[in-house]
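Each chain, letter by letter, is given below.
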Protein chains: 2
Amino acid sequence: MSHRDPAHASILIEGMRKNRVRVTSPRRAIVQVLEEAEDHLDVEEITERAKKIDASVHRATVYRTLDMLKRLHLVDELDLLHLRGDRHYYEVRSGGQHAHVICTRCGKVVEPRGEIMASCIDRLAEATGHRIDFYRLEAGGVCPDCEASD
Amino acid sequence: MSHRDPAHASILIEGMRKNRVRVTSPRRAIVQVLEEAEDHLDVEEITERAKKIDASVHRATVYRTLDMLKRLHLVDELDLLHLRGDRHYYEVRSGGQHAHVICTRCGKVVEPRGEIMASCIDRLAEATGHRIDFYRLEAGGVCPDCEASD
DNA sequence: TTCTATGCAAATTCTTTGCATATCT
DNA sequence: AGATATGCAAAGAATTTGCATAGAA
């Protein structure tokens, strides 16, 4: 069940096909990096990893590909409240949108999903009258572990 | 009841004094701009407006002052989901934190505050176990007016 | 075959920094 | 007086763009 198995194309590749953008080798590499990432990556890191899959991948292509994926709402862009520097981080938008809660002591990020977030956003929509299509909620605070080890 | 009335010092100036950072003329100008702003300003715009109050204000000072105000949690930094370009926007954190809901059609921003946001964040804190100190929630969608005029 | 995406390098834009001087407290 | 903030100019990052070529549909 590899990510390259054509019968099980990745969410991102599928989304790209659906939107009639071309599936090229650099894009395949970048997408694979994003889908295999365990944490949040910046452009530098994505480029580095993508080069290991396809050495020809250029940083400019990474920017262009990320723009494309953002426009299609296939990836989200975060900045983790700048608690880790001024870079931007990217993640696949699979399994619905979610919040990011960053511990200001240890830097760990947890990602609440599902009903909690849905009801939160529903009530926001109700209060403003908007139809809300996407959102980004990033919060900073102290995680239970750090709170305990005082 | 002017913003310069020493008896009614601005929230930001008060906050600065409380934190023992110096109240200088450039900082006064920048703070006045932030407090009088009706909308969200980027660094360029803040610099321009501050120069009208104190012509000597330099862009570098604006960056340094905003950093200082962010560190003291007196202003918040937004990017409005990059729906208006890649710049950063700043606003005074008065009257508590709040969300920003941006209409993807007309660009208008509304700012839900108060109980809705508080309960939202409370539940997030409960779900993760974090003590949440600050947050940023930006959402994109279609506002009622735009929805109506289809 | 036609249209889109890429690499590359240069240009832009955004932000930070060193340092001598000016300014707050 | 003593510590901190400022202006300026230059450096450093981050991101975008023009263009000829390569590659997907």
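Refer to the structure presented above.
Right, let's walk through the structure included here. (Residues numbered from 1 in each chain as written. Chains lettered and ligands numbered in written order. Predicted model: local features only at pLDDT ≥ 70, side-chain atom pairs only at ≥ 80, totals over all residues. Heavy atoms only, no water.)

**Here we look at unusual backbone geometry**
So, point 1. Unlike most non-glycine residues, H73 of chain A shows phi in positive territory, near 60°.
So, point 2. Positionally, H73 of chain A belongs in the loop between α4 (59–71) and β1 (75–78).
So, point 3. A relative accessible area of 37% means that H73 of chain A is categorised as partly exposed.
So, point 4. Despite not being glycine, H82 of chain B has its phi angle at roughly 60°, a positive value.
So, point 5. Along the chain, the position of H82 of chain B falls in the loop between β1 (75–78) and β2 (89–92).
So, point 6. The exposure class of H82 of chain B is buried, given its relative accessible area of 15%. (Helix = DSSP H or I, 4+ residues; strand = E, 2+ residues; numbered from the N terminus. Buried < 20%, exposed > 50% of the residue type's maximum accessible area, 1.4 Å probe, protein only.)

**Some words on the relation of the copies chain A and chain B**
So, point 1. Once chain A is rotated about the relating axis by 179° and shifted along it by 0.0 Å, it coincides with chain B to within an RMSD of 0.1 Å. In short, the pair behaves as if placed about a two-fold rotation axis. Of the C-alpha atoms belonging to chain A, the one lying closest to the rotation axis is found on L137 of chain A, 2.1 Å away.
So, point 2. Counting the interface residues of chain A, we find that 100% of their copies in chain B are interface residues as well, pointing to one common contact surface. (Least-squares fit on C-alpha atoms with pLDDT ≥ 70 in both. Contact = heavy atoms within 4.5 Å.)

**Section: the pairing of β1 of chain A**
Residue and element names in this part refer to chain A.
So, point 1. Here β1 shows no split at all, with V75 and E77 on one side and D76 and L78 on the other all buried.
So, point 2. Relative to strand β2 (residues 89–92), β1 runs antiparallel, the two being bridged by four bridges. Its bridge partner lying in β2, E77 is registered against Y90. (Pairing = 2+ DSSP bridges.)

**Details of the protein's contact with DNA strand C**
So, point 1. R22, S56, T61 and R64 of chain A together with Y63 of chain B are the nearest of the 21 residues found near DNA strand C.
So, point 2. For DNA strand C, the backbone portion of the atoms within 4 Å of the protein, that is sugar and phosphate, comes to 65%.
So, point 3. In this structure, a phosphate oxygen belonging to DNA strand C sits 2.9 Å away from a side-chain N or O atom of T24 of chain A.
So, point 4. With respect to DNA strand C, the side chain of R27 of chain A contributes an N or O atom lying 3.2 Å from a phosphate oxygen.
So, point 5. At the level of elements, α2 (25–36) and α4 of chain A together with α4 (59–71) of chain B are the ones that each hand at least two residues to the surface near DNA strand C. (Near = heavy atom within 4 Å. Polar contact = N/O pair within 3.5 Å; in protein donor to acceptor, adjacent residues only side chain to side chain.)

**Brief notes about empty space enclosed by the protein**
So, point 1. Under the defined criterion, the tally for this structure stands at one cavity of 30 Å³ or more.
So, point 2. Its volume calculated, the largest cavity comes out at about 40 Å³.
So, point 3. Taken together, I116, S119, C120 and R123 of chain A together with S119, C120 and R123 of chain B form the lining of the largest cavity.
So, point 4. Those elements giving two or more residues to the lining of the largest cavity turn out to be α5 (115–128) of chain A together with α5 (115–128) of chain B. (1 Å grid on protein atoms, 1.4 Å probe; cavity = no way out; pocket = protein on both sides within 12 Å on 5 of 7 lines; lining within 4 Å. Points joined across faces, edges and corners; volume = space filled by probe spheres on them.)

**Brief notes about the protein's contact with DNA strand D**
So, point 1. Taken together, 20 residues lie near DNA strand D, and R22 of chain A together with R22, S56, T61 and R64 of chain B sit nearest.
So, point 2. Of everything in DNA strand D that lies within 4 Å of the protein, sugar and phosphate atoms constitute 62%.
So, point 3. Between a phosphate oxygen of DNA strand D and a side-chain N or O atom of T24 of chain B, the distance comes to 2.9 Å.
So, point 4. The greatest single-element share of the surface near DNA strand D, amounting to five residues, is contributed by α4 of chain A.
So, point 5. In terms of residue class, the surface near DNA strand D is made up of six nonpolar, five polar and nine charged. (Nonpolar A, V, L, I, M, F, W, Y, C, P; charged D, E, K, R; others polar.)

**Observations concerning α4 of chain A**
Residues and elements named next belong to chain A.
So, point 1. Across its 13 residues, α4 extends 19 Å between first and last C-alpha, which sits within 8% of the 18 Å expected from 1.5 Å per residue.
So, point 2. Buried residues along α4 sit against α1 (11–18), α2, α3 (43–53), β1 and β2.
So, point 3. Looking one or two residues past α4, H73 carries a phi angle of roughly 60°, positive in sign. (Expected span 1.5 Å × (residues − 1).)

**Some points on the environment of H100 of chain B**
All names here are of chain B.
So, point 1. Within the element layout of this structure, H100 appears in strand β3 (residues 100–103).
So, point 2. Relative accessible area serves as the criterion here: at 2%, H100 is assigned to the buried category.
So, point 3. Distance from H100 to V110, taken between C-alpha atoms, is 5.9 Å for residues ten residues apart in sequence.
So, point 4. Those residues in contact with H100, other than ones at most four positions away along the chain, are H40, L78, L80, E91, V109, V110, E111, L137, E138 and A139.

**Some points on the interface of chain A and chain B**
So, point 1. Taken together, the contact between chain A and chain B spans 40 residues of the former and 40 residues of the latter.
So, point 2. Interface area lost by chain A to chain B is led by L124, H130 and R136 of chain A, which between them contribute 20%.
So, point 3. For the pair chain A and chain B, the number of links is six salt bridges.
So, point 4. Note that R131 of chain B and E147 of chain A form a salt bridge whose closest N and O atoms lie 3.4 Å from each other.
So, point 5. On the surface where chain A and chain B come into contact, there are 16 residue pairs in polar contact (both at pLDDT 80 or more).
So, point 6. Taken together, the elements giving at least two residues each to the side of chain A that touches chain B come down to β3 (100–103), α5, β5 (131–142) and α6 (144–148) of chain A.
So, point 7. In terms of residue count, the dominant contributor to the side of chain A that touches chain B is β5 of chain A (twelve residues). (Buried area = accessible area lost by both parts, 1.4 Å probe. Salt bridge = Lys/Arg side-chain N within 4 Å of Asp/Glu carboxyl O.)

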